[in-house]
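Listed below are the residues making up each chain.
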Amino acid sequence: MSSEPADSNPESPTDDESNSPRLTIALPDGSTSVSDAIVTNREMLREPQEHGLATQEEITHLSEAIEGLSEKAQTATTQSEQTQASVDELQAVVERQRRQIEELQSMVSSLADILGTEAEWETFDDA
């Protein structure tokens, strides 16, 4: 005798399996059977333009257009990155020069104090 209960037969459906919905596949419009759907699909593939589908020529044209746009986008991205790097570099140069000007102004002001005179500064904002 087997120690397994009679309900544990691996081939018999469990409660979960018997209550699950069955797999269904929707047929294309106008099809009443699977064979009718196959015939309809074959017709659609033979004359795709008559059924609103893209032809091989249209697909090729669109693929080439997308490839061209992708290359242009990549070029634009590369140029943008290079421009941003140049801008960042120029900003660093301007900031370094601003600090140098401030240091020079401070040194000239100190020398002017030692000599008992004053130094006046005119900036681009004042002009």
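Calculation notes
- Residues numbered from 1 in each chain as written.
- Predicted model: local features only at pLDDT ≥ 70, side-chain atom pairs only at ≥ 80, totals over all residues.
- Heavy atoms only, no water.
- Helix = DSSP H or I, 4+ residues; strand = E, 2+ residues; numbered from the N terminus.
- Buried < 20%, exposed > 50% of the residue type's maximum accessible area, 1.4 Å probe, protein only.
- Expected span 1.5 Å × (residues − 1).
- UniProt positions renumbered as here; feature names shortened; annotations may be inferred.
- pLDDT = per-residue confidence, 0-100.
- Contact = heavy atoms within 4.5 Å.

## Quick look at the overall build of the chain
When helices and strands are counted, the chain shows three helices and zero strands. Secondary structure elements of the chain occur, N-terminal to C-terminal, as α-α-α. Per-residue burial over the chain gives 5% buried out of 127 residues.

## Examining helix α3 (residues 56-115)
Taking 1.5 Å per residue as the helical rise, α3 with its 60 residues ought to reach 88 Å, and the 88 Å between its terminal C-alpha atoms agrees with that figure. Following α3 by one or two positions, Gly-116 has its phi on the positive side, about 75°.

## Digging into the UniProt feature "coiled-coil region" (unreviewed entry) in the chain
According to UniProt, the positions carrying the feature "coiled-coil region" (unreviewed entry) are residues 80-114. End C-alpha atoms of residues 80-114 are separated by 51 Å, and the span's content is 100% helix alongside 0% strand.

## Topic: the confidence of the model for the chain
Residues with a pLDDT of 70 or more make up 82% of the chain, whose mean pLDDT is 80. For the chain, helix α1 (residues 15-19) is the element with the lowest average pLDDT, namely 59, and α3 is the one with the highest, namely 93. Every residue in residues 1-8 scores below 50 in pLDDT, and together they form one contact with partners more than four places removed in sequence or on other chains.

## Remarks on the side chain of Thr-55
Secondary-structure assignment places Thr-55 in the loop between α2 (34-46) and α3. Discounting chain neighbours no more than four positions away, the residues touching Thr-55 are Pro-48 and Gln-49.

## Overview of the environment of Gln-105
The residue Gln-105 is located in helix α3 in this model. Expressed as a C-alpha distance, the spacing of Gln-105 and Glu-120, which sit 15 residues apart in the sequence, is 9.6 Å.

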